[in-house]
Amino acid sequence: MPNRRALVLVKVNPPRKEQEWNEWYNTTHMPDRFKIPGYLFGRRFINRSEKADIFTRGEPKYLALYDIASSDVMKSEGFKKLKEKENALPRDSFEVFTNENPVLRWGVYDQVYPENNDYQPPSSRYLLLIEHELPRQYEEEYHAFYNTEHIPAITRVPGFRTARRFVLSGEFSPIPDEKQVRRYITIYDIEKDDFFQTPEFAEFSKSPWTSRMQGKYQQRIMLLYELFYSQQAPDS
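Residues numbered from 1 in each chain as written. Predicted model: local features only at pLDDT ≥ 70, side-chain atom pairs only at ≥ 80, totals over all residues. Heavy atoms only, no water.

Undergrad: I'm lost on the side chain of Thr162 in this one. Help?
TA: Along the chain, Thr162 falls in strand 6 (residues 160-168). For Thr162, a relative accessible area of 18% corresponds to the buried category. A polar contact is formed between the side chain of Thr162 and the side chain of Asp189, at a distance of 2.5 Å. In contact with Thr162, other than residues within four places in its own chain, are Tyr119, Pro122, Ile187, Tyr188 and Asp189. (Helix = DSSP H or I, 4+ residues; strand = E, 2+ residues; numbered from the N terminus. Buried < 20%, exposed > 50% of the residue type's maximum accessible area, 1.4 Å probe, protein only. Polar contact = N/O pair within 3.5 Å; in protein donor to acceptor, adjacent residues only side chain to side chain. Contact = heavy atoms within 4.5 Å.)

Undergrad: Just checking my understanding: could you explain the side chain of Asp189 for this structure?
TA: Mapping Asp189 onto the fold places it in strand 7 (residues 184-190). A distance of 2.9 Å separates a polar atom in the side chain of Asp189 from a polar atom in the side chain of Arg43.

Undergrad: Where do I start with the nonpolar core in this structure?
TA: What tends to happen in soluble globular proteins is that the nonpolar side chains get buried as a cluster. With 28 residues, the main nonpolar core has Leu128, Tyr188 and Phe195 as its most contacted residues. Sort the elements by how many residues they give to this core and helix 4 (residues 139-154) lands first, with six residues. Tyr188 has contacts with Tyr126, Leu127, Leu128, Ile130, Tyr146, His150, Ile151, Ile154, Phe160, Thr162 and Ala163, leaving out every residue within four places of it along the chain. Residues Trp21, Ala64, Ile68 and Val73 belong to the second largest nonpolar core, which totals 23 residues. (Core = buried A, V, L, I, M, F, W, Y, C linked by side-chain atoms within 4.5 Å.)

Undergrad: Would you mind going over the sheet that holds strand 5 (residues 126-133) with me for this structure?
TA: Strand pairing in a sheet relies on backbone hydrogen bonds. The paired strands run either parallel or antiparallel. A barrel is described by the order of its strands in space; here eight strands give the closed sequence 1-3-2-8-5-7-6-4, paired in antiparallel fashion. Neighbour-to-neighbour, the strand axes of this sheet turn through a mean angle of 35 degrees, independent of strand direction. Pairing geometry for strand 6 and strand 7, over seven bridges, is antiparallel. For Arg164, the partnering residue across the bridge sits in strand 7 and is Ile187. Packed onto the sheet, helix 4 meets strand 4 (105-113), strand 5, strand 6 and strand 7 and runs at close to 5 degrees relative to strand 7. (Pairing = 2+ DSSP bridges. Axes fitted to C-alpha atoms, helices over the stretch in contact; angles between N-to-C directions.)

Undergrad: Is there a simple way to explain helix 2 (residues 77-87) in this structure?
TA: Every α-helix carries 3.6 residues per turn, so stepping three or four residues along brings you back to the same face. For helix 2, the set of buried residues is Phe79, Leu82 and Glu86. Buried residues of helix 2, viewed axially, fall in a sector of 60 degrees; they line one side. Set apart from the buried face of helix 2 by more than 90 degrees, the exposed residues are Glu77, Lys81, Glu84 and Asn87. Looking at the packing, one finds that the buried side of helix 2 touches helix 1 (18-33), strand 2 (39-47) and helix 3 (94-99). (Arc of directions from axis to C-beta.)

Undergrad: Just checking my understanding: could you explain the packing of aromatic side chains for this structure?
TA: Aromatic ring pairs are defined here through the distance separating the ring centres and the angle between the ring planes. As enumerated under the stated definition, the model contains 20 aromatic pairs in all. When the centroid spacing of 5.9 Å and the interplanar angle of 40 degrees are considered together, the rings of Trp24 and Phe94 count as tilted. In this pair, Trp24 sits in helix 1 while Phe94 sits in helix 3, placing the two residues 70 residues apart along the sequence. The partly exposed category is assigned to Phe94, whose relative accessible area is 22%. Within the aromatic cluster, the residues linked to one another by ring pairs are Phe55, Phe160, Tyr188, Phe195, Phe196, Phe201 and Phe204. Taking NZ or CZ as reference, Arg44 lies 4.1 Å from the ring centre of Tyr25, over its face. Between the NZ or CZ atom of Arg164 and the centre of the ring of Tyr119, over which it lies, the distance is 3.5 Å. (Phe/Tyr/Trp six-rings, centres within 6.5 Å; stacked < 30°, edge-to-face > 60°. Lys NZ or Arg CZ within 6 Å of the ring centre and 35° of its normal.)

And the structure:
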């Protein structure tokens, strides 16, 4: 079986020179990563969770997602050389600002659903990110719930294009806590930002299994994002 895809997740707030920082991120920071074998796609999003009360508030403004061939990319020679180069930059550089940002939240995640590596970013404009923490004794039921009921139901809601699930890779990521990232994430590519107002969404949310699992979560974060910028490796 081939290695499972992995995902690098980065949340951060911008500096005062936000426009210049975004230009640097899109033209320098992100392209440098696509010079490393194994980096496949990169997308940046703006947090739109203020749209409705069902979404979590207080998270950083920007989200970056990098699809990589596997988590082994993060220990490759190419990545090590890039980090050495970036760590040598002056302290007033955007790179240092980003790495030392007090609200920087990041993690490397291994894909657990689906089992194939066929994902290609769709043309949809929005992304729904769900993050969970729960006691280890409930993890088996959690996986069964998501894979056999939750995802099949929610992907029938109009506008939902794709669903993927990931688990935090302990080898490369910080220990999960409420100020960083959660152990499990689910990512949905969606076409519209008003999906929660549809009768299909309201109906799927009422299942008994959904109610039972909600009582077992230690943390549940629900965030809505709008696509801001995307890029991919030349051979992807």
